[in-house]
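Chains, contacts and geometry: an overview
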Amino acid sequence: MYLGKKVSIIFPVYNEKENIRAAIDEFLQHPAVDEIIAVDNNSKDGSDAEIQLTSAKYVKEMTQGYGAAMRRGLREATGDLMITVEPDGTFSADDLDRLLVYSRDYE
């Protein structure tokens, strides 16, 4: 929770076996994160098995493409605040503090 609002993290996943589990574990440790949705977009490398070893919600999106994975994640998320994050290390859980502060000024 962040200021009484539920926070959802959405990971679009395509062949991220090497990164996804560590990314999920890292973001779950952040105190503001309430749920993580990992949208597997037809990965062929075993990303699905890595996701299912975590407490993230696993979602399979059959329509190929980054946009399809993102839209599916947004539909599946139950948070008041939704943050889309790449699981490849582009973002870290520490970045959430800088992002969430903007939610104070916008709906």
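Preceding this section is the structure that the text describes.
Here's a quick rundown of the structure. (Residues numbered from 1 in each chain as written. Predicted model: local features only at pLDDT ≥ 70, side-chain atom pairs only at ≥ 80, totals over all residues. Heavy atoms only, no water.)

Observations concerning the overall build of the protein chain
- Secondary structure assignment for the protein chain yields four helices and four strands.
- Moving toward the C terminus, one meets the helices and strands of the protein chain in the order β-α-β-α-β-α-β-α.
- Expected size for 107 residues packed as a compact globule is a radius of gyration near 13 Å; at 13 Å, the protein chain falls within 12% of this value.
- Along the first, second and third principal axes, the C-alpha atoms of the protein chain reach 40 × 25 × 20 Å.
- Going through the 107 residues of the protein chain one by one, you find that 44% of them count as buried.
- For the protein chain, restricting intrachain contacts to residue pairs at least 6 apart in sequence, the fraction spanning at least 24 positions comes to 70%. (Helix = DSSP H or I, 4+ residues; strand = E, 2+ residues; numbered from the N terminus. Rg over C-alpha atoms; globule rule 2.2 N^0.38 Å. Buried < 20%, exposed > 50% of the residue type's maximum accessible area, 1.4 Å probe, protein only. Contact = heavy atoms within 4.5 Å.)

Overview of the packing of aromatic side chains
- In this structure the tally under the stated criterion is one aromatic pair.
- When the centroid spacing of 5.5 Å and the interplanar angle of 90° are considered together, the rings of Phe 11 and Phe 27 count as edge-to-face. With a gap of 16 residues between them, Phe 11 in strand 1 (residues 7–13) and Phe 27 in helix 1 (residues 20–28) connect regions that are remote in the sequence. Comparing Phe 11 with Phe 27, the two get one shared label, buried. (Phe/Tyr/Trp six-rings, centres within 6.5 Å; stacked < 30°, edge-to-face > 60°.)

Considering the nonpolar core
- Formed by 21 residues in total, the largest nonpolar core has its most connected members in Ile 9, Phe 11, Ile 24, Phe 27, Ile 36 and Leu 100.
- Elements supplying a minimum of two residues to this core: strand 1, helix 1, strand 2 (35–40), strand 4 (81–84) and helix 4 (95–100).
- Sequence-distant contacts of Ile 36, that is, excluding residues within four places in its chain, are made with Ile 9, Phe 11, Ile 24, Phe 27, Leu 28, Ala 56 and Lys 57.
- Membership of the second largest hydrophobic core comes to six residues, among which are Ile 37, Val 39, Ala 69 and Ala 77. (Core = buried A, V, L, I, M, F, W, Y, C linked by side-chain atoms within 4.5 Å.)

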